[in-house]
Amino acid sequence: MSGSSASLTDTLSLPPAREIPSTFVASVRSWWAAGEKESAASEERLLRKLPYFRPAGSPPATPDAAAPVVAQSSRVELDDPKYHLNTLAITATSPSPDAPPPAVVLHGYGAGLGFFFQNFPALGSWAGKRGSSVFAIDWLGMGRSARVPFHVKAKREDIDGRVNEAESFFVDSLEQWRRKMGLETMTLIGHSLGGYLSIAYALRHPTRVHKLILLSPAGIPRDPNSTVPSRELTDPQTTGATDQDHPEPADPKRVEDLKSTQQTAQREESNSRKVFTYLWEKGWSPFQVVRSTLFWGPMLIGKYSTRRFIGLNEDETRAMHDYILNITLAKGSGEYCISHLLAPGAHARRPMVDRIAPLKIPVTFVYGDHDWMDPEGGKESVERLRQAGNGLGRMYMIPHAGHHVYLDNPKAINDLLVKELDRPAGSSRTSYAA
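Keep in mind that this is a model prediction, so the values were computed, not measured. (Residues numbered from 1 in each chain as written. Predicted model: local features only at pLDDT ≥ 70, side-chain atom pairs only at ≥ 80, totals over all residues. Heavy atoms only, no water.)

Asks: How would you summarise the overall build of the protein chain if you had to cite specific residues and measurements?
Replies: Helix and strand counts for the protein chain stand at 16 helices and 11 strands. A burial count over the protein chain gives 54% of its 434 residues as buried. Taking the contacts inside the protein chain whose residues are at least 6 apart along the sequence as the reference set, 79% of them involve residues at least 24 apart. Accessible area of the protein chain: about 18500 Å², with a carbon and sulfur share of 55%. (Helix = DSSP H or I, 4+ residues; strand = E, 2+ residues; numbered from the N terminus. Buried < 20%, exposed > 50% of the residue type's maximum accessible area, 1.4 Å probe, protein only. Contact = heavy atoms within 4.5 Å. Areas by Shrake-Rupley, 256 points an atom, 1.4 Å probe, with all protein chains shown as cover.)

And the structure:
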């Protein structure tokens, strides 16, 4: 083997993910190893599950190896060169002049694009067939994007000012990214906080959004609601998904059944909620709490990973744990938005249900049947859109799925995403059904 070939092999080799620490010593080792290099490796392990992913240093694709799409990750610099968004691009090798607008996948609070590793194959297949593209980005200050300082100048009592500044941090960076990428319009697929910010972006830049697909979006209903955010830490992964699962009608009975379950969980919350509320209002983030434990942090994250991802195989669980560990221990930045956008209990300080009516595009709400996010806001939002003359609102319920619907039942979600991406923008009426 030549020296150049050996060098390329070394470049492309990737060690397996570390074991999830179960002892203090193992936790210390994981903490010590965390950093930018490990963060990049942890993300790449998840992306290499795509057969067409091209790691940095890969040789050019040969015609015989050409696939309908190619996937590559990069850092896209924004107007300020200190700011960049970590980006995965899945692009068709034979672009079509009649291709639908590209889809952009946007993760939730404190997460990253790697969370969608089970959804990229279906989205990549769609991009290849339609001659289009799929992108996934890490929000500014989260995942592996630039961890720049996050500051809000508005006073605590100026709610509108705080919300506007916090939204602008993300919306403005997404708009700069769109311009840098040369995209005219996009379909935004947002999960949780990513769903909330997708709506905020569409309200500010309505001509740039083709459709919105919102997966268990945060910040939709008014307070009081039955959202119990602590369940993100305490609930195990919802399992039982089968290939026969499909999106179900989000009719009033299903919505009411889910809300009843949520209200029961809400009544059972402990007195520690008072401490949680105090820290929330003081601007602490859950990730800041984990980082403050120093050497114990990897063990705490391990307890979450082993409970939350029981539906994944051992290799996937370890890979997800390593990924979450590295993005959680990175410098705090965009995560500090949370107390400005959402009040304790995760209801929005400016609920989207009261802001969504001006949108004239298709908007699809999706919830898991074991979700902890209140679905009432989605139901009312579809009605608000209809009253404003937009009959392109839809709402679905995904069986055997919790808040992370895309991870809990990827087959059902992937089928739905492709269906909604292919749905003609003006061909539907308001619906709560599949």
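Asks: Summarise the packing of helix α4 (residues 120-130) against helix α16 (residues 410-422); cite the residues concerned and give the values.
Replies: In contact at an axis separation of 9 Å, α4 and α16 are set at 30 degrees when each is read in the N-to-C sense. The orientation of α4 with respect to α16, classified from their angle, is roughly parallel. Taken as a pair, α4 and α16 cross one another with a handedness that is right-handed. For the pair α4 and α16, the contacting residues are A122, L123, W126 and R130 in the first and N414, L417, V418, L421 and D422 in the second. Along the lines of polarity and charge, the residues of the contact of α4 with α16 split into six nonpolar, one polar and two charged. (Axes fitted to C-alpha atoms, helices over the stretch in contact; angles between N-to-C directions. Parallel < 35°, antiparallel > 145°, perpendicular 65-115°, else oblique. Left-handed = near helix turned anticlockwise from the far one by under 90°. Nonpolar A, V, L, I, M, F, W, Y, C, P; charged D, E, K, R; others polar.)

Asks: A description of the nonpolar core should follow, citing residues and the corresponding values.
Replies: Core analysis: the largest hydrophobic core is formed by 58 residues, its most contacted members being W177, L212, L341, L359, V363 and F365. With residues near it in sequence (within four places) discarded, W177 still touches V76, L78, L85, T87, V104, F135, I137, L183 and M186. (Core = buried A, V, L, I, M, F, W, Y, C linked by side-chain atoms within 4.5 Å.)

Asks: With reference to specific residues and values, describe the environment of M395.
Replies: The topology assignment puts M395 in strand β11 (residues 393-398). On the basis of relative accessibility, which here comes to 0%, the residue M395 falls in the buried class. For the pair M395 and K379, spaced 16 residues apart in sequence, the C-alpha to C-alpha distance is 7.0 Å.

Asks: Can you break down the packing of helix α11 (residues 297-308) against helix α12 (residues 314-328) residue by residue, with the values?
Replies: Orientation of α11 relative to α12, taken along the N-to-C sense of each, is 135 degrees, at an axis distance of 10 Å. With respect to α12, the element α11 is oriented oblique. Seen along the crossing, α11 lies across α12 with a hand that is right-handed. Contacts from P298, I301, G302, Y304 and S305 of α11 reach α12 at T317, H321, I324, L325 and T328. Of the residues in the contact of α11 with α12, the class split is five nonpolar, five polar and no charged.

Asks: Would you mind going over unusual backbone geometry in detail, with residue names and values included?
Replies: You will see that S192, though not glycine, has its phi angle at about 55 degrees, which is positive. Here S192 is to be found in the loop between β5 (186-191) and α6 (193-204). The backbone of H400 sits at a positive phi, close to 55 degrees, despite the residue not being glycine. Position of H400 relative to the elements: it lies in the loop between β11 and α15 (405-408).

Asks: Please set out the side chain of E316 residue by residue, giving values where relevant.
Replies: Examined against the element boundaries, E316 turns out to sit in helix α12. K49 provides the closest opposite charge to the buried, salt-bridge-free E316, at an N-O distance of 4.9 Å. The residues contacting E316, other than those within four sequence positions of it, are K49, F117 and Q118. (Lys, Arg positive; Asp, Glu negative; His and termini not counted. Salt bridge = Lys/Arg side-chain N within 4 Å of Asp/Glu carboxyl O.)

Asks: Describe helix α14 (residues 376-387), with residues and values.
Replies: Owing to its 3.6 residues per turn, the α-helix brings residues three or four apart onto one side. Taking 1.5 Å of rise per residue, 12 residues should cover 16 Å, and α14 covers 17 Å from first to last C-alpha, within 8% of that figure. Of all the residues in α14, the buried ones are G377, G378, S381, V382 and L385. Along the axis of α14, the buried residues cluster in a sector spanning 140 degrees; they form a single face. Elements that come into contact with the buried residues of α14 comprise β10 (363-368) and β11. One or two steps after α14, the chain reaches G389, where phi turns positive at roughly 95 degrees. (Expected span 1.5 Å × (residues − 1). Arc of directions from axis to C-beta.)

Asks: Outline the confidence of the model for the protein chain, listing residues and values.
Replies: Of the residues in the protein chain, 78% have a pLDDT of 70 or more, and the chain-wide mean is 83. Across residues 230-234, where pLDDT falls below 50, the model places 14 contacts with residues more than four positions away in sequence or in other chains. (pLDDT = per-residue confidence, 0-100.)

Asks: Residues and numbers for the pairing of strand β6 (residues 209-215), please.
Replies: The buried fraction of β6 amounts to six of the seven residues, a majority that puts the element mostly inside the structure. Of the pairings in the sheet, the one linking β5 to β6 comprises six bridges and is parallel in character. Paired with H191 across the strands is L215, a residue of β6. Handedness of the β-α-β unit built from β5, α6 and β6 comes out right-handed. Sheet topology note: the β6/β10 ladder contains four bridges and is parallel. When the sheet's bridge partners are listed, L212 is paired in β10 with V363. (Pairing = 2+ DSSP bridges. Right-handed = clockwise from strand over helix to strand, strands pointing away.)

Asks: Talk me through a nonpolar patch on the surface; I want residue IDs and the actual numbers.
Replies: Together, F24, L294, F295, W296 and L300 give the surface a local cluster of nonpolar side chains, amounting to about 470 Å² of exposed area. Examined against the element boundaries, L294 turns out to sit in the loop between α10 (286-292) and α11. (Patch = residues over 30% accessible without salt bridge, like charges linked within 9 Å, V, L, I, M, F, W, Y side chains within 5 Å.)

Asks: Explain the packing of aromatic side chains to me, and be specific about the residues and the numbers.
Replies: All told, the structure shown has six aromatic pairs when counted by the stated rule. Ring centres 5.9 Å apart and planes at 85 degrees place the aromatic pair W139 and F170 in the edge-to-face group. Taken together, the positions of W139 in the loop between β4 (133-137) and α5 (159-181) and F170 in helix α5 put the pair 31 residues apart, joining distant regions of the chain. For W139, a relative accessible area of 1% translates into the label buried. Between F169 and F170, the ring centres sit 5.0 Å apart and the planes meet at 85 degrees, which makes this aromatic pair edge-to-face. The pair formed by F169 and F170 is uniform in burial state, with each residue classed as buried. What links up through ring pairs into an aromatic cluster is the set W139, F150, F169 and F170. (Phe/Tyr/Trp six-rings, centres within 6.5 Å; stacked < 30°, edge-to-face > 60°.)

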